[in-house]
Amino acid sequence: MRIFITFLLATVIGATAYAVDFRLRDFNGDDFRIAQVKTELTLVFLYNSDCDACRKGAAQIEKSATVNSLTTAKKLKVVSVAMFEDGGGWKCSDAYDELMEGDALVFETVPAYFVLDAAHEVVASDVSFSAVERFLKEKL
């Protein structure tokens, strides 16, 4: 099933880039829109803190030399979104269900990773961090 979802996402995302915007609540309780994130690339990480694969994905992002290099160079920002809770004070949450109930990002499971460009178009997406990291390495 995971291979099918990966193939489906790669096929849909690879064929058509589309701009996205959605509202989130940050860990301070403030609202913001993804379109307010100003950077060359944005990695949107959708997770659930009760999910072992999500915790592994978060650790991979935090330890990634590629992500750290791009964030240090101010070419990448990471936006982690708790999908089924308030974010636990960590990053931000889908408090308005715009991702769960909307169609801004297409996903079937968490963790899910989306790379947005400066125009907030989805330029890469996968259910595996290693695939997204390979895409980001090309940007170094």
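Okay, so let's go over this structure.

On a plain count of helices and strands, the protein comes out with four helices and seven strands. Helices and strands in the protein line up, N terminus first, as α-β-β-β-α-α-β-β-β-β-α. The buried share among the 140 residues of the protein stands at 45%. Within the protein, counting contacts between residues at least 6 apart in sequence, those at least 24 apart form 66% of the total. Carbon and sulfur atoms provide 52% of the accessible area of the protein, an area that totals close to 7400 Å².

What follows deals with unusual backbone geometry. The omega torsion of the bond from valine 110 to proline 111 falls at 5°, within 30 degrees of zero and hence cis. Note on placement: proline 111 falls in the loop between strand 5 (92-93) and strand 6 (112-117). One non-glycine residue, lysine 74, adopts positive backbone phi at about 60°. The class of lysine 74 is exposed, set by a relative accessible area of 70%. Phi at histidine 120 is positive, roughly 65°, even though this residue is not glycine. Relative to the assigned elements, histidine 120 resides in the loop between strand 6 and strand 7 (122-126).

What follows concerns the environment of arginine 25. Structurally, arginine 25 can be placed in strand 1 (residues 23-26). Spatially, the C-alpha atom of arginine 25 lies 8.2 Å from that of tyrosine 96, the residues being 71 residues apart in sequence. Other than its neighbours up to four places away in sequence, arginine 25 contacts Asp30, Asp31, Cys92, Ser93, Ala95 and Tyr96.

Let's shift gears to the side chain of histidine 120. Overall, histidine 120 belongs to the buried group, its relative accessible area being 7%. Reaching out from histidine 120, the side chain makes a polar contact with the backbone oxygen of valine 37 at a distance of 2.9 Å.

Turning our eyes to something else, we now look at the side chain of serine 128. Topologically, serine 128 is positioned in the loop between strand 7 and helix 4 (129-137). Polar contacts involving the side chain of serine 128 include one to the side chain of serine 130, which spans 3.0 Å.

Our next topic: the packing of aromatic side chains. When we look at a pair of aromatic rings, we describe it by the centre distance and by the angle of the planes. Taken as a whole and assessed by the stated rule, the structure comprises three aromatic pairs. An angle of 15° between the planes, with centres 5.5 Å apart, marks the rings of phenylalanine 45 and tyrosine 47 as stacked. We note that phenylalanine 45, like tyrosine 47, is buried. Summarising the aromatic geometry, the rings of phenylalanine 45 and tyrosine 113 are spaced 5.2 Å apart at their centres and angled 20° between planes, so their arrangement reads as stacked. Here tyrosine 113 lies in strand 6 and phenylalanine 45 lies in strand 3 (residues 41-47), a separation of 68 residues in the sequence. Residue phenylalanine 45 shares its accessibility class with tyrosine 113, and that shared class is buried.

About the criteria used
The numbers attached to residues start from 1 for each chain and follow its sequence in the written order. Totals for whole chains, interfaces and linings use all residues, but because this is a predicted model, local features are given only for residues with pLDDT of at least 70 and pairs of side-chain atoms are given and counted only at 80 or more. With hydrogens and water set aside, each side-chain value is computed from the structure's full complement of heavy atoms. A helix here means a DSSP run of H or I that spans at least four residues, while a strand means a run of E at least two residues long, and both kinds are numbered starting from the N terminus. Each residue's exposure class comes from its accessible area (1.4 Å probe, protein chains only) as a fraction of the maximum for that residue type: buried when under 20%, exposed when over 50%, partly exposed otherwise. Here a residue-residue contact requires only that any non-hydrogen atoms of the pair lie within 4.5 Å. For the accessible areas, the method is Shrake-Rupley and the probe is 1.4 Å, while residue cover comes only from the protein chains on display. Any pair of nitrogen or oxygen atoms within 3.5 Å is treated as a polar contact; in protein, a donor-acceptor pairing is required on top of that, and neighbouring residues in sequence qualify only through side-chain atoms on both sides. Only Phe, Tyr and Trp rings take part, Trp by its six-membered ring, and two of them pair if their centres are within 6.5 Å. Stacked means planes under 30 degrees apart, edge-to-face means over 60, and tilted covers everything else.

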